[in-house]
Amino acid sequence: MENLLKSELKTTVLKLLGGSRGGYICQGQGYETDGGRVFVKSHNKPQARIMFEGEMASLREIQKTNTVRVPQPIKVMDFPGGGAAFAMEFIKMRSLNKYSAKLGEQMADLHLYNKENGEKLRKKEQTIGPIARVPVPLLGFWRTCMHNDKMAFVHAAVPETGRASLRFPGLSIFILQVNEWQNDWPTFFIRHRLQAQMDLIERDYGDRTARELWEQLKPKVPEMFHDLEIIPALVHGDLWSGNVAEDDYGPIVFDPSCFYGHSEFELAISMMFGGFSSSFFSAYHSKIPKAPGFEKRNTLYMLFNYINHWNHFGTEFRRPSLAVMQSLLK
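Here we summarise the structure given alongside this text. (Residues numbered from 1 in each chain as written. Predicted model: local features only at pLDDT ≥ 70, side-chain atom pairs only at ≥ 80, totals over all residues. Heavy atoms only, no water.)

## Considerations on the overall build of the chain
Moving on, step 1. When its secondary structure is counted, the chain shows 10 helices and 11 strands.
Moving on, step 2. Counting all 330 residues of the chain, 56% fall into the buried class.
Moving on, step 3. By sequence separation, contacts in the chain at least 24 residues apart represent 71% of the contacts at least 6 residues apart. (Helix = DSSP H or I, 4+ residues; strand = E, 2+ residues; numbered from the N terminus. Buried < 20%, exposed > 50% of the residue type's maximum accessible area, 1.4 Å probe, protein only. Contact = heavy atoms within 4.5 Å.)

Shown next as structure tokens:
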């Protein structure tokens, strides 16, 4: 890999930063190069290029909004024998603490960006001046992404060594996150998120209880969005505490699985596994107040994350998945 990186990154210097350990999804390593420090993720499976291209497209899409900071993506590279690597900016980070409220504000700004762009464009049509960026009118994304690629954050976790890993027993599969454009959010969410995950549960487990609960719940999902206007919002897509950090300049997010969807979708996983202070949510909701029915929809979005974890990590997530479906049916 050393020769590949030197060639692709056009560097004569390629010095490892710290030791080397592995994770269940990707290897991650920091390097010193002619152009400064870079962080490189790699995986030897054929699906790696799809995963890394989705992540690179997601980082670039967030960058365009100038709302929240992300690592600068550099390049996706193919291994001669299969697999790929993704080089990005190396940032010396620490756990989110001081800038929690600031991140809440910035994530709200990210979610509002597409809506505000549309409003600016409508105003510009009535005046003479530069045209605002055309807003995205549909739900989805230009790239297929992969949810739960948990290794991008390692360059933040142990910046002194430049290397870290996160181990999840049983995690050994790629799950594509299909982002085909849709006009209607309930249709997008059911088809490309919940049904896609339930199809995997059926294939791998044939779980009769899960099947029966989903058959009852599926027709009720659109009712949870009745009278709710959903303007496509760019979401990070996997905003758990392992994918956020800060440095001396402010908050940073990384390891995104972006798409244009419902802004509320973003918050469910943030609430599920801790790591976000109340100041984050207060700052967020000061800009985007909770709409009627928020709590039930938040539970619905948690369901997606539980089922996704069931597919990734095994049957320990079966019970909470079924429990959430049962609660939504009450």
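Next, the rest of the story.
## Quick word on the sheet that holds strand β4 (residues 73-78)
Moving on, step 1. The sheet built from five strands is open, its strands ordered β1-β2-β3-β5-β4 with antiparallel pairing. Strands with a single pairing partner mark the edges of an open sheet, and in this sheet they are β1 (14-17) and β4. If you compare each strand with its neighbour and ignore which way they point, the axes differ by 30° on average.
Moving on, step 2. Running over the sheet, helix α1 (residues 2-9) touches β1, β2 (27-33), β3 (36-43), β4 and β5 (84-89) and is turned about 130° from β4.
Moving on, step 3. Each of β3, β4 and β5 touches helix α2 (residues 48-65); the most contacted strand, β4, lies at about 165° to it. (Pairing = 2+ DSSP bridges. Axes fitted to C-alpha atoms, helices over the stretch in contact; angles between N-to-C directions.)

## Regarding unusual backbone geometry
Moving on, step 1. Despite not being glycine, Asn66 shows a phi value in the positive range, around 55°.
Moving on, step 2. Structurally, Asn66 is set in the loop between α2 and β4.
Moving on, step 3. The backbone of Asp255 shows a phi angle near 55°, a positive value even though the residue is not glycine.
Moving on, step 4. Here Asp255 lies in the loop between β10 (250-253) and β11 (259-261).

## A closer look at the pairing of β5
When a strand is regular, its side chains alternate between the sheet's two faces.
Moving on, step 1. Counted residue by residue, β5 has five buried out of six residues, so it is predominantly covered.
Moving on, step 2. As judged from the six bridges shared by β3 and β5, these two strands associate in the antiparallel manner. Paired with Phe39 across the strands is Met88, a residue of β5.
Moving on, step 3. Note: β4 against β5, five bridges, orientation antiparallel. Residue Asp78 lies in a different strand from β5, and its bridge partner there is Ala84.
Moving on, step 4. The hairpin formed by β4 and β5 contains five residues between the paired strands, and Gly82 there has a positive phi angle of roughly 110°.

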